[in-house]
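The chain contents come next:
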Amino acid sequence: MSVELLGFHIDNYTFEEAVIKAKSLIDGDKVTQVVTINPEMFEAAEKDPTFSGIIRDAEMVIPDGVGVKLALKLTGKDAARIPGVDFAKRLLKESALSNIPVAIIGSKEEVVTKAVENLKKEISGLNIVYFHNGYFDNDEEIYNELKQRSPKLILVALGSPRQEKFIYAAKSKLNPALMIGIGGSLDVWSGSVKRAPKIFQKLGLEWLYRTACQPSRFKRIFPTLPLFLIRVLSYKDKI
């Protein structure tokens, strides 16, 4: 089941249902893509037809940002917010239980290395067969290395829309796998960025906490979020 927002279909899963669906995609016979969508991605898609098409073609689109949940509320719809950082971590734990090979790509060398180290300490049996920083110019080299290692779960932290475009191009190149864009998750897992307190997470205000800790994020969020909500209201009035 899905809900529609600004012409895009968003999967309306509970967290557990999303995990079950993702596990079925990991066991599938092709490369599949999960998009964890937020307001900034809607705004980017409006200006970039290629990115818009990638979102429409994704096998799963889940609402990551609280702004998306709020936008759905404004249009009389609802969908459970599924934070990408929590969703990806859960899939890593599920993969460890079945010895599913995992790859992680993105961020600075020291960040991805520390994130992998921390994840292996936290998740017993985690089988990370490949990791690489996000500073590369030749995507084909990375695709070739991934094909040689054949991970079944690939987490990509290159920032949006770069990570979604990297994943989409991989669909015709790699062995069957589930690929997910995970944004800044490696910063959290490496410990270089502190996760918001539980109360902020529960209320969907993690973005507010991170903005308070990193004022430079303010320019990224504003005016994107209010403009996004205004566009949603305008779109609602037209349908």
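Residues numbered from 1 in each chain as written. Predicted model: local features only at pLDDT ≥ 70, side-chain atom pairs only at ≥ 80, totals over all residues. Heavy atoms only, no water.

Q: I tried to follow the pattern of salt bridges on my own but got confused; where do I start?
A: Throughout the structure, instances matching the rule amount to 15 salt bridges. Residue Arg231 pairs with Glu43 through a salt bridge whose shortest N-O separation is 3.0 Å. Placement of Arg231 in helix H13 (residues 224–238) and of Glu43 in helix H2 (residues 39–47) is noted, with a sequence separation of 188 residues between them. Under the relative-accessibility criterion, Arg231 is labelled partly exposed at 22%. The buried category is assigned to Glu43, whose relative accessible area is 13%. Among the ionic pairs, Lys121 bridges to Glu117, the shortest N-O distance being 3.3 Å. With Lys121 and Glu117 both in helix H6 (residues 109–122) and four residues apart, this pair spans about one turn of that helix. Ionic contacts of the salt-bridge type, sharing partners, join the residues Glu16, Lys23, Arg90 and Glu94 into one network. (Salt bridge = Lys/Arg side-chain N within 4 Å of Asp/Glu carboxyl O. Helix = DSSP H or I, 4+ residues; strand = E, 2+ residues; numbered from the N terminus. Buried < 20%, exposed > 50% of the residue type's maximum accessible area, 1.4 Å probe, protein only.)

Q: Whenever I open this one, the sheet that holds strand E6 (residues 128–132) confuses me. Can you help?
A: The six strands lie next to each other as E4-E3-E8-E7-E5-E6, forming an open sheet whose pairing is parallel. Edge strands, defined here as strands with exactly one partner in the open sheet, are strand E4 (60–63) and E6. Taken over all neighbouring pairs, the strand axes of this sheet differ in orientation by 15 degrees on average, direction set aside. Note that strand E3 (residues 31–37) and strand E8 (residues 177–181) share four bridges and pair parallel. Among the inter-strand pairings, Thr32 is bridged to a residue of E8, identified as Leu178. Against the sheet, helix H5 (residues 84–97) engages E3, E4, strand E5 (102–106), strand E7 (153–157) and E8, with an angle of about 150 degrees to E7. (Pairing = 2+ DSSP bridges. Axes fitted to C-alpha atoms, helices over the stretch in contact; angles between N-to-C directions. Contact = heavy atoms within 4.5 Å.)

Q: I'm lost on the pairing of E4 in this one. Help?
A: As a general feature of sheets, a regular strand has side chains that alternate between the two faces. Here E4 shows a buried face lined by Met60 and Ile62 and a second buried face lined by Val61 and Pro63. Taken together, the four bridges between E3 and E4 define a ladder with parallel strand orientation. Bridge pairing in E4 links Val35 to Val61.

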